[in-house]
Amino acid sequence: MDFLDSSTFEYSGKDLFVFLSDIKYIILFYVFGDFLTTIGALNFGVEQNGFIAVVLAEFGLGAFLFLKLLFIGVVYLNYKLIRQSGLSWSSFLWNTSKFAIAFLGIVLVVNNLMVMLTQTSLIV
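Procedures and definitions
- Residues numbered from 1 in each chain as written.
- Predicted model: local features only at pLDDT ≥ 70, side-chain atom pairs only at ≥ 80, totals over all residues.
- Heavy atoms only, no water.
- Helix = DSSP H or I, 4+ residues; strand = E, 2+ residues; numbered from the N terminus.
- Buried < 20%, exposed > 50% of the residue type's maximum accessible area, 1.4 Å probe, protein only.
- Contact = heavy atoms within 4.5 Å.
- Areas by Shrake-Rupley, 256 points an atom, 1.4 Å probe, with all protein chains shown as cover.
- Phe/Tyr/Trp six-rings, centres within 6.5 Å; stacked < 30°, edge-to-face > 60°.
- Lys NZ or Arg CZ within 6 Å of the ring centre and 35° of its normal.

Caption draft 1: Main features of the overall build of the protein. Summing up its helical and strand segments, the protein has five helices and zero strands in all. Going from the N terminus to the C terminus, the protein shows its helices and strands as α-α-α-α-α. Looking at the 124 residues of the protein, the share that counts as buried comes to 30%. Put simply, 69% of the contacts in the protein that link residues at least 6 apart link residues at least 24 apart. When the accessible surface of the protein is summed, it comes to about 8,300 Å², and 70% of that surface belongs to carbon and sulfur atoms.

In structure tokens, the structure reads:
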């Protein structure tokens, strides 16, 4: 298996700005929306995701936010790899990826709001 060396990736401020603009709904829903509504929902119940529950219990909300921001780094790596792949369907792959993550964020926000407002959850 061949790995790309660091010279394969070119980083520029403009590219980062384009990336952040392109993932604005991921940032809005998956990162900040889920983070803020999770904080609110914890007053009405417990975190259902076992991994996140352990992170929150052991390290607190800051670690949870750090994981969200680390995920943005993974999405950025995915973005760079897809863009540099040269595949004819790379645009479709990127758009599908960012839509799926943003949609997951919306589902998480709705679930957390349901926990806060009705004490019910989509998960349990």
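Caption draft 2: A look at the packing of aromatic side chains. Tallied over the entire structure, the rule returns eight aromatic pairs. For the pair Tyr 30 and Phe 71, a centre-to-centre distance of 4.9 Å together with 45° between the ring planes defines the contact as tilted. Residue Tyr 30 is located in helix 2 (residues 24-41), and its partner Phe 71 is located in helix 4 (residues 61-83); the two are separated by 41 residues in the primary sequence. The buried category is assigned to Tyr 30, whose relative accessible area is 16%. Their ring planes at 20° and their centres at 6.1 Å tell us that Phe 99 and Phe 103 sit as a pair that is stacked. Separated by four residues within a single helix, Phe 99 and Phe 103 lie in helix 5 (residues 90-118), roughly one turn from each other. What links up through ring pairs into an aromatic cluster is the set Phe 19, Tyr 76, Tyr 79 and Trp 94. The ring centre of Tyr 30 lies 3.7 Å from the NZ or CZ of Lys 68, which sits over that ring.

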